Amino acid sequence: MRVLAVGHPSFQMHRSPTWHPERPDRLTAAHEGLEQAPVQMVEIQATPIDTDLLESVHSSEYVTAIHGFCSAGGGDLDPDTYAVPETWDAAVRSAGAGPLAVGRLEEGAAEAAFCIVRPPGHHAMPNRAMGFCIFNNIALTARHLADAGHKVAIVDWDVHHGNGTQDLFISDGRVLYISLHQFPFYPGTGWLDELGYGPGTGTNVNIPLPSGSYGDVYREAFRRVVLPVARQFGPDWLLVSAGYDAHLRDPLAEVNLIEADYAYMANSLVDLVPQGRTVAFLEGGYDLDAIRDSVAATFAGFAGVIDPAAGPHGQSDPAAWRSLELVERAVAEFWEVH
Ligand SMILES: [Zn+2]
């Protein structure tokens, strides 16, 4: 299996003047993980996103303000999110990585793609940077595909709810958004009753899980909710917000996934779309070894090389199972679930 690795040296130049968990070493770890996966890596360089596409998701006022802020030296965009002069080039190339990958996959260059990008994207709102994110990389790619007539499923296993992505597609039935995340937790959104409205009614599925959850409940959530809903939706493309902060070693969150859980989740998605129609995006994940090993496991899963006996690491408590039951009940209004 060939996997496009979409990167660029500018992504290393987006760096906080003081220590910050969202740091350049994360890219090196992700890249090493892909090298260790049983796939053939095809490296390509990210190009800046087309301005019209960028401004189809983010307002032109916001885009101009970010450009001006970076040019003027940068600083803090919010208490979590920094920018430096080099951030602009990194941000427009991070945003451009997904659309570039889509084009290369359509040409038959590989069977999947991994955008190894910074800054990450899934918290970014149309008019607002937040949670280390400036432009919503995965949402821009989904918009690009949807506007070309495709149905897009986004699966977001970053431990945080992708509030920016949800917001952008909450009333858009062309894009199915499914997120598994720790709850209650940053950014505060992502409860199971946020199911979409208008033409997007039912196409926003949140699976909030309590701190201390293990891979057992994640795997069951895939079997009982993620896969049944995604199959009924029938996407042409699969985009994955691949954060690695639900790993048990991650310092920012309290979910206990191990590498084998990422392999399981990725592997279970393999038949959802035809080969060459899957693009993963690096979102969060702040323990370097966890990122490396989990990326390797993810792409082993996509390549079909998994150990069915591996993991999960422990047993989730009854609160996690109750959350999953509540999700099933809420989702059953729109989809046939287990
Ligand atoms: Zn995260």
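Preceding this section is the structure that the text describes.
Below: a short report on this structure. Each chain has its residues counted from 1, following the order in which its sequence is written. The predicted origin of the model limits local features to residues at a pLDDT of at least 70 and limits the giving and counting of side-chain atom pairs to 80 or more, whereas totals for whole chains, interfaces and linings rest on all residues. Neither water nor hydrogens contribute to the side-chain values; these are computed over all heavy atoms in the structure.

## With respect to the coordination of the zinc ion
When four donors bind a metal tetrahedrally, each ideal donor-metal-donor angle is 109.5 degrees, and when six bind octahedrally, the ideal angles are 90 or 180 degrees.
Inference 1: Each metal's donors are the N, O and S atoms found within 2.8 Å of it, except that Na, K and Ca use a 3.2 Å limit; water is left out, so coordination can look incomplete. Here the zinc ion is held by the protein donor atoms D158 (OD), D158 (OD), H160 (ND1) and D245 (OD), which lie 2.0 to 2.7 Å from it.
Inference 2: Under the classification used here, a metal with four donors is tetrahedral if each angle lies between 85 and 135 degrees, square planar if opposite donors are over 155 degrees apart and the others between 65 and 115, a six-donor metal meeting that same test is octahedral, and anything else is irregular. Every donor counted, the 4 donor atoms about the zinc ion form angles of 53 to 154 degrees at the centre, which fits irregular coordination.
Inference 3: As a motif over one chain, the donors of the zinc ion read D-x1-H-x84-D. One end of the pair, D158, is in the loop between β6 (152-156) and α7 (163-169); the other, D245, is in the loop between β9 (237-242) and α9 (259-268), with 87 residues separating them in the sequence. The helix and strand labels rest on DSSP assignments: H or I over at least four residues marks a helix, E over at least two residues marks a strand, and numbering proceeds from the N terminus.

## A word on a negative patch on the surface
Inference 1: Each patch groups residues whose relative accessible area exceeds 30% and which form no salt bridge, using 9 Å between like charges and 5 Å between nonpolar side chains of Val, Leu, Ile, Met, Phe, Trp and Tyr. In this description, accessible areas are obtained by the Shrake-Rupley approach with a 1.4 Å probe, and a residue is regarded as covered only by the protein chains that are shown. Salt bridge, as used here: a side-chain nitrogen of Lys or Arg that lies within 4 Å of a carboxyl oxygen of Asp or Glu. Residues scored as positive are Lys and Arg, those scored as negative are Asp and Glu, and His as well as the terminal groups of each chain are ignored. To locate a charge, take NZ of a lysine, CZ of an arginine, CG of an aspartate or CD of a glutamate. Taken together, D50, D52, E55 and E61 make up a surface patch of like negative charges.
Inference 2: Summarising the element assignment, E55 is placed in helix α3 (residues 51-57).
Inference 3: With a relative accessible area of 32%, E55 lands in the partly exposed category. Exposed residues in this analysis have more than 50% of their type's maximum accessible area, buried residues have under 20%, and partly exposed residues fall in between, with area computed by a 1.4 Å probe over protein chains only.

## Digging into the side chain of S10
Inference 1: With respect to the element layout, S10 can be found in helix α1 (residues 10-13).
Inference 2: Contacts described as polar in this section are N or O atom pairs within 3.5 Å, which, within protein, must combine one atom able to donate a hydrogen with one able to accept it, while residues neighboring in sequence count only if both atoms come from side chains. At 2.9 Å, the side chain of S10 and the side chain of H8 are in polar contact.
Inference 3: Any pair of residues with heavy atoms lying within 4.5 Å of one another is described as a contacting pair. If we ignore the near neighbours within four places in the chain, the residues touching S10 are D89, A90 and R93.

## Overview of unusual backbone geometry
Inference 1: The linkage connecting R118 with the following residue, P119, adopts the cis geometry, with an omega of -5 degrees.
Inference 2: Position of P119 relative to the elements: it lies in the loop between β5 (112-115) and α6 (137-147).
Inference 3: Backbone torsion omega between G311 and P312 reads -5 degrees, so that peptide bond is classified as cis.
Inference 4: Looking at the secondary structure, you find P312 in the loop between α10 (288-302) and α11 (318-331).
Inference 5: Even without being glycine, F132 reaches a positive phi, approximately 75 degrees.
Inference 6: Mapped onto the fold, F132 is located in the loop between β5 and α6.
Inference 7: Among the residues examined, F132 registers a relative accessible area of 13% and is labelled buried.

## With respect to the packing of aromatic side chains
Inference 1: Only the six-membered ring of Trp is used, alongside the rings of Phe and Tyr, when aromatic pairs are assigned; centres must lie within 6.5 Å, and planes under 30 degrees apart are stacked while those over 60 apart are edge-to-face, with the rest tilted. Tallying each qualifying case throughout the model produces 8 aromatic pairs.
Inference 2: Relative to Y286, the ring of F132 has its centre 5.7 Å away and its plane inclined at 85 degrees; by these criteria the two rings are edge-to-face. Remark: Y286 occurs in the loop between β10 (278-282) and α10 and F132 occurs in the loop between β5 and α6; sequence separation between them is 154 residues. Of the two residues, F132 and Y286, both sit in the buried class.
Inference 3: Over the aromatic face of F233 sits the side chain of K151, whose NZ or CZ is 4.6 Å from the ring centroid. Whether a charge sits over a ring depends on NZ of Lys or CZ of Arg being within 6 Å of the ring centre and within 35 degrees of the ring normal.

## A closer look at the pairing of β6
Inference 1: Buried residues dominate β6, accounting for 5 of its 5 residues.
Inference 2: Going residue by residue along β6, you find V152, I154 and D156 tucked away on one face and A153 and V155 tucked away on the opposite face as well.
Inference 3: Note on pairing: DSSP must find at least two bridges between two strands before they are called paired. Relative to strand β7 (residues 175-182), β6 runs parallel, the two being bridged by 5 bridges. Across the sheet, A153 pairs through a bridge with L176, a residue of β7.
Inference 4: Of the crossover connections in this fold, the one passing from β6 over α7 to the parallel β7 is right-handed.
Inference 5: As paired elements, β6 and β9 share 5 bridges and run parallel to each other. The residue bridging A153 from the neighbouring strand is L238, located in β9. Seen with its strands pointing away from the viewer, a crossover is right-handed if its path from the first strand over the helix to the second goes clockwise.

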